[in-house]
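Architecture at a glance
Chain by chain, the residues run as shown.
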Amino acid sequence: MNAEVFNAILAEVQPIFDQKKFENKGEYYANEQYAVKFEHDAQNKVLKLFVAPMADGKPEDFQNLSTYLFEDETCLKDATCAGLDFADTIRTKCGYKRNTRQITGTIAVPKGKSDGNNIDTYTGKILAIYPEHKQDYQDHIAKYGKFLYVEFYATVIAPTVKKVFEGGSKKQIAKIVDVLDEMYCKGDKICGDIAVGIILCGAADFDSQMAENIKTALQDRKYLKTAFASYFELSLKSPKAKEMLKK
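Quantities reported herein were computed from a predicted structural model and do not represent experimental measurements.

What follows concerns the nonpolar core. Ile126, Tyr153, Met183, Ile194 and Phe228 are the most contacted members of the largest nonpolar core, which totals 74 residues. Excluding residues that lie within four positions of it along the chain, Ile126 makes contacts with Tyr153, Ile157, Ile176, Val179, Leu180, Met183 and Ile199.

See below:
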């Protein structure tokens, strides 16, 4: 793992390390209770988080608790996403409460500007389709102090999109497919990964029949369909990818 990628991951995990007094032990970070380390599996194009309990000052039996797809080794935004995912996993595994920062005043909901290609732009477009989630977005920002898009899309938007595909309304399906196709084809790398790996795979929910229904809806969206098929197969093969998408 190169230094830039490692630092991007560490930046998201550092607040936990500071709060819980983790120290740099060279190959891993540890406090009195847990040891944590990160690895880059270049062959399988993933970043991995390992956590082990501490016993007599040494880590015991590191377990791979989270795996994050990392196809482009130069994409620091993907490394940041991995760091966010790893931070949430560490909190869950170790029982650490999140330090929340309440925001006062009105929280603006992003607008889907036609010339934008970032996650805020497409969040605005999706919230325009599902206005019932505008309050969820505001509550999310108020709770976390920033937009944790992986968590928001996995826990709020993906379940809604799943219901849309289950409902079978061609009009409603077409609306979200239009945005996801644009998100994947015209958005930046984060947008593409969210559209396919979080929203569509989350909607499929590891159900092969649901995945086939989604592929049918994507029949005329060549690139989006191909990407979804690849991500879905990965989610079935990788228990760690499954854990990430279940968040």
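Okay, the pattern of salt bridges next. As enumerated under the stated definition, the model contains twelve salt bridges in all. For the salt bridge of Lys25 with Glu23, the shortest nitrogen-to-oxygen distance reads 3.4 Å. For Glu23, a relative accessible area of 47% translates into the label partly exposed. Note that Glu39 is salt-bridged to Lys37, the shortest N-O span being 3.7 Å. Residue Glu39 is classed as partly exposed on the basis of its relative accessible area of 35%.

With that settled, consider the packing of aromatic side chains. The full count for this structure, using the stated rule, is 13 aromatic pairs. Here the aromatic rings of Tyr137 and Phe152 are separated by 5.9 Å at their centres, their planes lie at 90°, and the arrangement is edge-to-face. In this pair, Tyr137 is assigned in helix H4 (residues 134-144) and Phe152 in helix H5 (residues 149-167), connecting sequence segments 15 residues apart. Each member of the pair, Tyr137 as well as Phe152, carries the same accessibility label: buried. Between the aromatic rings of Phe147 and Tyr153, the centroid separation amounts to 6.4 Å while the plane-to-plane angle is 50°, which identifies the pairing as tilted.

What counts, and where the lines are drawn
Residues numbered from 1 in each chain as written. Predicted model: local features only at pLDDT ≥ 70, side-chain atom pairs only at ≥ 80, totals over all residues. Heavy atoms only, no water. Core = buried A, V, L, I, M, F, W, Y, C linked by side-chain atoms within 4.5 Å. Buried < 20%, exposed > 50% of the residue type's maximum accessible area, 1.4 Å probe, protein only. Contact = heavy atoms within 4.5 Å. Salt bridge = Lys/Arg side-chain N within 4 Å of Asp/Glu carboxyl O. Phe/Tyr/Trp six-rings, centres within 6.5 Å; stacked < 30°, edge-to-face > 60°. Helix = DSSP H or I, 4+ residues; strand = E, 2+ residues; numbered from the N terminus.

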